Amino acid sequence: MIETNFKITHLNRYEYSDGVSLAYNEVKLTPKDFSHPLLEQSCLSHELLISPKPQDQRQRQDFFGNQVSYFNISSHYQKMSVTSNSVVKRKLKVKSSEVKNYLHTRLAPLSWQTARQNPPEFSPFHLASSFVPLLSELKAYAQISFDKQPLAFNALNDLMQRIHHDFRFKPGATHINTPLSEIAKTMTGVCQDYSHFMISCVRSMGLACRYVSGYLETLPPPGQPKLQGVDASHAWVSVYLPSFGWLDFDPTNNLIPLDQHITIAWGRDYADVSPLKGVIYGGGSHKLHVAVDMERKKA
Amino acid sequence: MSDSLTLLDSYIPESLFDDVLIGNVPKAHWLPFLNKLSTLSSETLEQLQSEIRRQLKENGVIYNLNQQSHEQARAWQLDIIPNILAEDDWQQIEKGIKQRAKLFQLILQDCYREQKLLRNGLIPPEIIFAHRGFLLPAYGTEQPLTLYACDLARGINGYMWIVSDRTQVPSGMGFALENRMVMSHVLAPFFQGEPVKRLAHFFNDFQQSIARLSPRQGTEPNIVLLSPGIGSETYFEHAYLASYLGYTLVQGDDLTVREGEVFLKTIEGLEPVDVILRRVDDDACDPLELRPDSRLGSPGLMEAVRRGKVGMANSLGSSLLENPGLVPFLPKLCQQLLGEELQLPSVATWWCGQEKEKQHVLTNLPKLMVKRIDRKDNHQTFYGAKLSQEELAKLKRQVEAEAHLFVGQDVLEHATTPVLMGGRLEPRHALLRSFAVADGDDYSVMPGGLSRSSVAKGNVVINNRMGGMSKDTWVSQNQAQRQQSFWQASKPSHQLPPSTVSSRSADNLFWVGCYAEKAEYVARLLRLIINLYTDSDTGEIDDKVLAKLINTLYDISQAIPPKAREDQGIEPKLNPNIDAELLSLIFHKERSGSLHQLLSHMLGAAYAVKGIWSNDSWRVLVSMEEWSEKWAQTNNLQNDLKRLENPLNLLISSLMAFAGLNAENMNQGTTWRFLDMGRRSARAILISQLIQKSLSQINDVEAIPLMIEKLLTVSENIITYRRLYRRHLDAGFALKLLMFDEHNPRALAFQLKRLEAHLAYLPQHSPDNLNAFEKNLLEARSSLRLSDGQSLASFDEAGNFERLDSLLKHIIQLLEQFSNNLSLRYFSHTQVAQQLADNNAAQTITRQ
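Residues numbered from 1 in each chain as written. Chains lettered and ligands numbered in written order. Predicted model: local features only at pLDDT ≥ 70, side-chain atom pairs only at ≥ 80, totals over all residues. Heavy atoms only, no water.

Draft legend 1. Structural context of the overall build of chain B. The secondary structure content of chain B amounts to 30 helices and 23 strands. Residue burial in chain B is summarised as follows: out of 848 residues, 58% are buried. (Helix = DSSP H or I, 4+ residues; strand = E, 2+ residues; numbered from the N terminus. Buried < 20%, exposed > 50% of the residue type's maximum accessible area, 1.4 Å probe, protein only.)

Written out as structure tokens, the structure reads:
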């Protein structure tokens, strides 16, 4: 059992050339509570600091169980900041060195064909979604791993490795509306492109797969102190494996997320978990500053 | 023997089942109608049919304003032959519709809350989750199915079949009402003795049902009808229903959500809204949580609904039920949820998400029709019989790739019903759109509905849009139902307080006033120019004045002169093409500043506030809509411009009639004040421009008297002038009359005085703290009053009035600022909404 507590600060600051007269926003920045045989995450504390102070703010749960904050600012402003401060406990139930063995043993009997049998509520994670069409070329891509590996875990691991190997990580090469068919051609992009790609592959094979948004702790190069604000929001995927639950895969980094990932929200694709969205009146052009900081605390 | 019996004699149904005839014998429920019809000669019939056309038009189907939708819009027609349903037949249909509405209500509630039907396997999950009408943000909200509509068609076995369900913004109810209004006027004797069930009771239930959605029970609810606006193909219906039901017609921009509650922007400030009857698709209602690219909704609306602060009909999320994928599962669901057999059959439907059903559809593709389970993005219906081999193969591939998104359906063999075309009865297929509204635990169904039939023979495709031929639908009744007037039966005011004027209405009224004035002055100026131009006995001075007036016309109409003249930068010569140019300035549809365009703008703004005009005003507006089309075709206009005098006279009379009706028929509250402010500010600017452009820079001493005469003529002051000053044409006297006379409704000073009077009545007027527009007006009025008439009337040797020129320029500028500032303060010029920039998405760090 390894427990790690993280103190996370996530700052979003918008500066506008013209005044904003009215704004409606929706924020998904509250880390989740969940647990499965391998690990457990609980959000010990969370606060959302918004400036200017909203005239109206309300918290709710969405369809997927994510925490959503709605707020409305009707006073005039030129700068807005949304800061999310959280303390999250991530508990690994198996020693890190034994995780691989554990998963192999635990998931060994499960064939990927069996993993396709899921209750009807999982349907959203089987079907195509707005950012994840089911493309025949991606099915063909996935088929290679699944033909080679009859076991679900092995096939998924293989698929993740191949995606990691075949993709070129290049910030700025894509934007959020770049269609998956385009990404499938260039095999270039950032974490959400890797993730959408893998989700489409997994769903094409008939397994339930979802998109996970969260944070990734960045380790400084050996011998150097850690800088503030360099950690990042990140995205990976999660696949449902019957008798186990949802197991995460990070194709961008080719690993099973353990104690350096923090889960904020999940959904069918990016559209369901977008951390901060809104409609504003006025504003003109804007500058945006984002900083994420994760600090380990002794549990 | 009468003509109408002959009419039926020559009618051949061409189908195994006809609505009217069994063999050659008319059915009993048709006899009362047929007997009355047989008393009419074919001439009378023809007259009645054209009377129907005229009334439909007069009631306000100004459709061709929106030129894109011209063709389909003009196609709205009403057949004199109704669709008559026997009372017992109707009772079965009505029972079936009620049952179906109740069933759908239960399914909808379950899908958005417990999802038991899904978990119990009664509905396959793909039919819900892959349907784009399933709105995840609406999950957990109440989903009252307030309105339900369906399209029914009669098969050749005589039974009614459900062809499709409409659950989110069912249109057609207003058209059905409109049809009934027109028919009961034109065929009044046919309605004597009440042989037809009335619609009033249904609309009464409708109002009560909508009012019950208000979260503030016990107080009179404020109800708005949310429309996509004048660009919508059913805008006429939105305006018609809103005014009939007494709801405020609004667009998304008129609403704003504050602290989870919905408000209407009015010139008085924000007024709370209790219920929204929407005609905007559910996913377009909120750019924050639903479609981000929508401009038709209001951000925060979903949240307001979620908090229960506003009632919405139908609920956001209800388009899930417009879902042919559900159809095969309805019989079992009906058993399970209501413990009854499903009464009204749907056209046989196979959902391709099931293997066996998919195979059936693919095997029988050429015989079936195939559609998607949702109808977003105008996905079409494929009729297998009409597809080529290649198209069939393509469709097959599409279905195989995403089988769960498709259904196959039998093509119904339709019964026939007679339609009067070209003086003969022709057999056609018909669709009946029927409407139900929630009434406690039950539903109330409109007795009848909107019947539509195909125009082409044998065509089963009846356009979804409200085009084609429509019919009034009569449910016959034996006992006289007590006459129930809608207005007596319903409570008096489900509406905002009468003083409330939405910012958008105020805006439109102001522009109606502006454009009406501008059209009038441009028409007068054109008439004058044509008179001068066609006058054969003219000299050099006349030509000079004419050229100057033409220039003035370009200035006040803002029409761009032909390029050649503009490039040379000289006074226009009377080039040989002037006839064509004048015609273009009058009739050209696309030319900015043409008389046609000014009228279009005026009518467009008038149409946007349709509920405000009296019937007489509306008739005048309709006549002006037809004016241009009617006269542009006049023979030999090109060679004989004098022929334009009469049409221009008629148009000016219509514009004057409209102005007179506005002055005499409208309640002179805030609504009227905005209309009149539009008029007065436009007239003030037009008078100033006329004098400034034509006289103050005339540059020719000898031309001054003639120009004064023309100015007095075009501004309608010549008679007054002659009465006051006889024949002596003097600039000082003329300016006194045109500019300074506060008692002359055609003088500048009069307009400014009237404007000032209006401002005192506007909401939030405070004499101690003047708004920008009040300052503009005060300055304009003071500048005029402080100026010296005699010095304004003095000109230099070249014939130019320098002081007059600079004063008028100053006043014009102030008046333009006045309009802008007034509109900034009162009208709904919302800033354009934009999506917050997406950020966190595009960054991540890898560990390579």
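Draft legend 2. Spotlight on the overall build of chain A. Looking only at helices and strands, chain A features 6 helices and 14 strands. Principal axes of the C-alpha set define a box for chain A whose edges measure 60 × 45 × 40 Å. Out of the 299 residues belonging to chain A, those deemed buried represent 60%. Contacts spanning at least 24 positions in sequence make up 76% of the contacts within chain A whose residues lie at least 6 apart. If you sum the accessible surface of chain A, you get close to 11,800 Å²; carbon and sulfur atoms cover 51% of it. One way to put it: in chain A the 31 positive side-chain charges average out to a point 2 Å from where the 26 negative ones average out. (Contact = heavy atoms within 4.5 Å. Areas by Shrake-Rupley, 256 points an atom, 1.4 Å probe, with all protein chains shown as cover. Lys, Arg positive; Asp, Glu negative; His and termini not counted. Charge placed at Lys NZ, Arg CZ, Asp CG, Glu CD.)

Draft legend 3. Spotlight on the sheet that holds strand β10 (residues 232-241) of chain A. All names here are of chain A. As summarised here, the arrangement of the 4 strands in space is β11-β10-β9-β12, forming an open sheet in which the pairing is antiparallel. The open sheet has two edge strands with one neighbour each: β11 (245-249) and β12 (261-267). Strand after strand, the sheet turns through a mean of 35° between neighbouring axes, direction not considered. Pairing geometry for β10 and β11, over 5 bridges, is antiparallel. Looking across to β11, one finds that Leu241 is bridged to Gly245. (Pairing = 2+ DSSP bridges. Axes fitted to C-alpha atoms, helices over the stretch in contact; angles between N-to-C directions.)

Draft legend 4. Spatial organisation of helix α9 (residues 200-211) of chain B. All names here are of chain B. With 12 residues, α9 extends 17 Å from end C-alpha to end C-alpha; this agrees with the ideal 16 Å at 1.5 Å per step. For α9, the tally of buried residues reaches 10 of 12 residues, placing the bulk of the element in the interior. Ala200, Phe202, Phe203, Asn204, Asp205, Phe206, Gln207, Ser209, Ile210 and Ala211 are the residues of α9 that are buried. (Expected span 1.5 Å × (residues − 1).)

Draft legend 5. Molecular detail of the sheet that holds strand β15 (residues 382-383) of chain B. All names here are of chain B. An order of β13-β16-β14-β15 is seen for the 4 strands of this open sheet, with the pairing classed as antiparallel. Among the strands making up the open sheet, the edge pair consists of β13 (349-351) and β15. Note: strand β14 (residues 369-372) against strand β16 (residues 406-409), 4 bridges, orientation antiparallel. By the bridge assignment, Arg372 is partnered in β16 with Phe406. The strands touched by helix α13 (residues 355-363) are β13, β14 and β16; relative to β13, the strand with the most contacts, the crossing angle is about 120°.

Draft legend 6. Structural context of the interface of chain B and chain A. Taken together, the contacts link 41 residues of chain B with 58 residues of chain A. The tally of links between chain B and chain A comes to 2 salt bridges. Salt-bridge contacts for Glu289 of chain B lead to Arg60 of chain A; the nearest nitrogen and oxygen are separated by 3.2 Å. Tallied by class, the residues present in the side of chain B that touches chain A amount to 17 nonpolar, 14 polar and 10 charged. (Salt bridge = Lys/Arg side-chain N within 4 Å of Asp/Glu carboxyl O. Nonpolar A, V, L, I, M, F, W, Y, C, P; charged D, E, K, R; others polar.)

Draft legend 7. The arrangement of the nonpolar core in detail. Grouped together as the largest cluster of nonpolar side chains are 176 residues, with contacts concentrated most on Phe197, Leu241, Leu247 and Phe249 of chain A together with Ile107 and Ile276 of chain B. Setting aside anything within four residues of it in sequence, one finds Ile276 of chain B in contact with Val224, Leu226, Leu255, Val262, Leu301, Val310, Gly311, Met312 and Ala313 of chain B. (Core = buried A, V, L, I, M, F, W, Y, C linked by side-chain atoms within 4.5 Å.)

Draft legend 8. Fine view of the packing of helix α22 (residues 645-665) of chain B against helix α23 (residues 670-696) of chain B. All names here are of chain B. Between α22 and α23, the least distance of the axes is 11 Å, while the angle of their chain directions is 145°. α22 and α23 meet at a crossing whose hand is left-handed. Where α22 approaches α23, its residues Phe658, Ala659, Asn662 and Ala663 are matched on the opposing element by Trp672, Leu675 and Arg679. A class-by-class count of the residues in the contact of α22 with α23 yields 5 nonpolar, 1 polar and 1 charged. (Left-handed = near helix turned anticlockwise from the far one by under 90°.)

Draft legend 9. Structural view of the packing of aromatic side chains. For the structure shown, the criterion picks out 48 aromatic pairs over all chains. Measuring from centroid to centroid gives 4.7 Å for Phe63 of chain A and Tyr139 of chain B, while their planes differ by 90°, and the two rings are edge-to-face. Of the two residues, Phe63 of chain A is situated in the loop between β4 (56-61) and β5 (67-73) and Tyr139 of chain B in the loop between α7 (125-129) and β4 (147-154); the pairing between them involves two chains. Residues Phe510 of chain B and Trp511 of chain B carry aromatic rings whose centres are separated by 6.0 Å and whose planes lie at 85° to one another, so their mutual orientation is edge-to-face. The exposure class of Trp511 of chain B is partly exposed, given its relative accessible area of 37%. Taken together, Phe63, Phe64, Phe122, Phe125, Tyr240 and Trp246 of chain A together with Tyr112, Phe129, Phe134 and Tyr139 of chain B form an aromatic cluster joined through their ring pairs. (Phe/Tyr/Trp six-rings, centres within 6.5 Å; stacked < 30°, edge-to-face > 60°.)

Draft legend 10. Structural detail: the side chain of Ser86 of chain A. All names here are of chain A. For Ser86, the position within the fold is in strand β6 (residues 77-92). Reaching out from Ser86, the side chain makes a polar contact with the side chain of His46 at a distance of 3.2 Å. If near-sequence neighbours (up to four positions away) are discounted, Ser86 is found in contact with Phe6, Lys7, Ile8, Leu29, Pro31, Ser45 and His46. (Polar contact = N/O pair within 3.5 Å; in protein donor to acceptor, adjacent residues only side chain to side chain.)

Draft legend 11. How the structure looks around the pairing of β5 of chain A. Residues and elements named next belong to chain A. In terms of burial, β5 is largely enclosed, as 6 of its 7 residues are buried. As defined by bridge partners, strand β1 (residues 2-27) adjoins β5 across 5 bridges and the pair is classed as antiparallel. Looking at the pairing, Ala23 lines up with Ile73 of β5. With 6 bridges connecting them, β4 and β5 associate as antiparallel partners. Looking across to β5, one finds that Asp56 is bridged to Asn72.

Draft legend 12. Fine view of the pattern of salt bridges. For the structure shown, the criterion picks out 49 salt bridges over all chains. Notably, a salt bridge pairs Arg54 of chain B with Glu51 of chain B, separated by 2.9 Å at the nearest N-O pair. Residue Arg54 of chain B and its partner Glu51 of chain B are both found in helix α3 (residues 42-58); the two are separated by 3 residues, about one turn of the helix. Judged by relative accessible area, which is 25%, Glu51 of chain B ranks as partly exposed. Ionic pairing is found between Lys358 of chain B and Glu355 of chain B, a salt bridge with its closest N-O pair at 3.7 Å. Pair noted here: Lys358 of chain B and Glu355 of chain B are both in helix α13, with a separation of 3 residues, about one helical turn. Here the residues in one salt-bridge network are Glu26, Asp56, Arg60 and Lys277 of chain A together with Glu289, Glu303, Arg306 and Arg307 of chain B, joined through shared partners.

Draft legend 13. Representation of the pairing of strand β5 (residues 160-166) of chain B. All names here are of chain B. The buried count for β5 comes to 5 of 7 residues, which makes it a mostly enclosed element. Taken together, the 6 bridges between β4 and β5 define a ladder with antiparallel strand orientation. Its bridge partner being in β5, Arg154 is matched across the sheet by Met160. Hairpin geometry of β4 and β5 is characterised by an intervening segment of 5 residues between the two adjacent antiparallel strands and by a positive phi of about 90° at Gly158.

The values reported here are purely geometric and, on their own, carry no functional implication.
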